[in-house]
Amino acid sequence: MSPLERLPLFPLANVVLFPRVKTPLHVFEPRYRQLTEHALAGDRRIGMVAVHPEHLEEMAGDPPLYTVGCEGVISDASSLPDGRFNIVLQGTQRFRIVRESARDAGRLYRIAEIEKLADAFDPAARPRVIALRHRAIELAAELTGEQASRPALTPDAFRNVDDVTFVNALSNAFALAPAEKQSLLEADSIPERYERLVSTLGFQAAARRHLAAPPSDAIH
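Residues numbered from 1 in each chain as written. Predicted model: local features only at pLDDT ≥ 70, side-chain atom pairs only at ≥ 80, totals over all residues. Heavy atoms only, no water.

Draft legend 1. Geometry of the overall build of the protein chain. For the protein chain, the helix and strand inventory stands at five helices and six strands. Mapped in sequence order, the helices and strands of the protein chain form the string β-β-α-β-β-β-β-α-α-α-α. Per-residue burial over the protein chain gives 40% buried out of 220 residues. In the protein chain, the proportion of contacts linking residues at least 24 apart, taken out of those at least 6 apart, comes to 70%. When the accessible surface of the protein chain is totalled, it reaches about 11,700 Å², and 56% of it is carbon and sulfur. (Helix = DSSP H or I, 4+ residues; strand = E, 2+ residues; numbered from the N terminus. Buried < 20%, exposed > 50% of the residue type's maximum accessible area, 1.4 Å probe, protein only. Contact = heavy atoms within 4.5 Å. Areas by Shrake-Rupley, 256 points an atom, 1.4 Å probe, with all protein chains shown as cover.)

Written as structure tokens, this is what we have:
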């Protein structure tokens, strides 16, 4: 088990951050404006973590969170005259919440003690990942309509993108439900994340094909 670190938490209902992916955020709540101010004055780290969907009505308080999130570093920030911020968060590494820290006087946001999580990638799984990567590209092309227009989504188009960056970027790119993205983030290895992504995109593609199919004249 890696040493525990303290990390400020930014819980959101509909944002799941992935390592190596940049996410723009508009910060307007007083507690997260304070968090951003403190982060910018320090190491610029923020822990993004999703709220359990059945507790979204508790967002104004301290709703229950998924235990796995992603640390991000503020790579760009602009402050607005009324105290709000526009920031860009660069995902760095997954983490697991071990426990939350007691709230200090005057601190509005949550802090947790976390352990960082590695994304395992056994070299022996490389052939399987290559096949899964090609399948993910095929499904992405189908879902975005690239097959019928211009074949921009091909393996050659991404040959300079490493497997970790690619699977995380593609996991982030599609408008999946937060729970689906959370499942991708929670995959303990890169091959497993590819497996889950291909399964998710395959389900979406199959559903789209079903909706596009002409109605059957069969009598049931």
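Draft legend 2. Inspection of helix α4 (residues 178-186) at higher detail. For α4, the complete set of buried residues consists of Lys181, Gln182, Leu184 and Leu185. The arc that holds the buried residues of α4, viewed along the axis, is 160°, so those residues lie on one side. (Arc of directions from axis to C-beta.)

Draft legend 3. Spotlight on the pattern of salt bridges. The tally for this structure, following the rule as stated, stands at 21 salt bridges. Arg103 serves as the salt-bridge partner of Asp62, at 3.3 Å between the closest nitrogen and oxygen. Taken together, the residues Asp62 in the loop between β3 (45-50) and β4 (68-79) and Arg103 in the loop between β5 (85-100) and β6 (111-117) connect sequence positions 41 residues apart. Classification of Arg103 as partly exposed rests on a relative accessible area of 40%. (Salt bridge = Lys/Arg side-chain N within 4 Å of Asp/Glu carboxyl O.)

Draft legend 4. Just helix α1 (residues 30-41), in detail. An ideal rise of 1.5 Å per residue puts 16 Å on 12 residues; α1 measures up with 17 Å between its terminal C-alpha atoms. Taken as a whole, α1 has its buried residues at Arg31, Tyr32, Gln34, Leu35, Thr36 and Ala39. Contact partners of the buried residues in α1: β1 (5-12), β2 (22-27), β3, β4 and β5. (Expected span 1.5 Å × (residues − 1).)

Draft legend 5. Region of the structure containing the pairing of β4. As paired strands, β3 and β4 are joined by four bridges and run antiparallel to one another. Pairing of Ile46 across the sheet is with Gly72, part of β4. Taking the residues between adjacent antiparallel strands as the criterion, β4 and β5 are bridged by five residues, where Gly83 takes a positive phi near 100°. (Pairing = 2+ DSSP bridges.)

Draft legend 6. Here's a closer look at the nonpolar core. Core analysis: the largest hydrophobic core is formed by 46 residues, its most contacted members being Phe10, Ile46, Met48 and Leu170. Counting nine residues, the second-largest nonpolar core is a separate cluster that includes Leu7, Val49, Val51 and Ala112. (Core = buried A, V, L, I, M, F, W, Y, C linked by side-chain atoms within 4.5 Å.)

Draft legend 7. View of the packing of helix α2 (residues 126-144) against helix α3 (residues 163-173). Contact geometry of α2 with α3 gives a least axis separation of 11 Å together with a crossing angle of 35°. When the axes of α2 and α3 are compared, the crossing they make is left-handed. Residues Arg126, Val129, Arg133, Ala136, Ile137 and Ala140 of α2 lie in contact with α3, whose contacting residues are Asp163, Phe166 and Leu170. Residues of the contact of α2 with α3, tallied by class, amount to six nonpolar, no polar and three charged. (Axes fitted to C-alpha atoms, helices over the stretch in contact; angles between N-to-C directions. Left-handed = near helix turned anticlockwise from the far one by under 90°. Nonpolar A, V, L, I, M, F, W, Y, C, P; charged D, E, K, R; others polar.)

Draft legend 8. Local environment of the pairing of β2. The side-chain alternation of β2 yields one buried face, formed by Thr23, Leu25 and Val27, and one unburied face, formed by Lys22, Pro24 and His26. Relative to β5, β2 runs antiparallel, the two sharing six bridges. Looking across to β5, one finds that His26 is bridged to Asn86.

Draft legend 9. Focus on the packing of aromatic side chains. Throughout the structure, instances matching the rule amount to one aromatic pair. Seen in terms of ring centroids, Phe10 and Tyr32 are 4.4 Å apart; in terms of plane orientation they differ by 15°. Their pairing is stacked. Taken together, the residues span a long stretch of sequence, with Phe10 in strand β1 and Tyr32 in helix α1 at a distance of 22 residues. Tyr32 shares its class with Phe10; the two are buried. Across the ring face of Tyr109, the terminal group of Arg107 is positioned such that the distance to the ring centre comes to 5.8 Å. The cationic tip of Arg133 hangs over the ring face of Phe166; the distance from NZ or CZ to the ring centre is 4.5 Å. (Phe/Tyr/Trp six-rings, centres within 6.5 Å; stacked < 30°, edge-to-face > 60°. Lys NZ or Arg CZ within 6 Å of the ring centre and 35° of its normal.)

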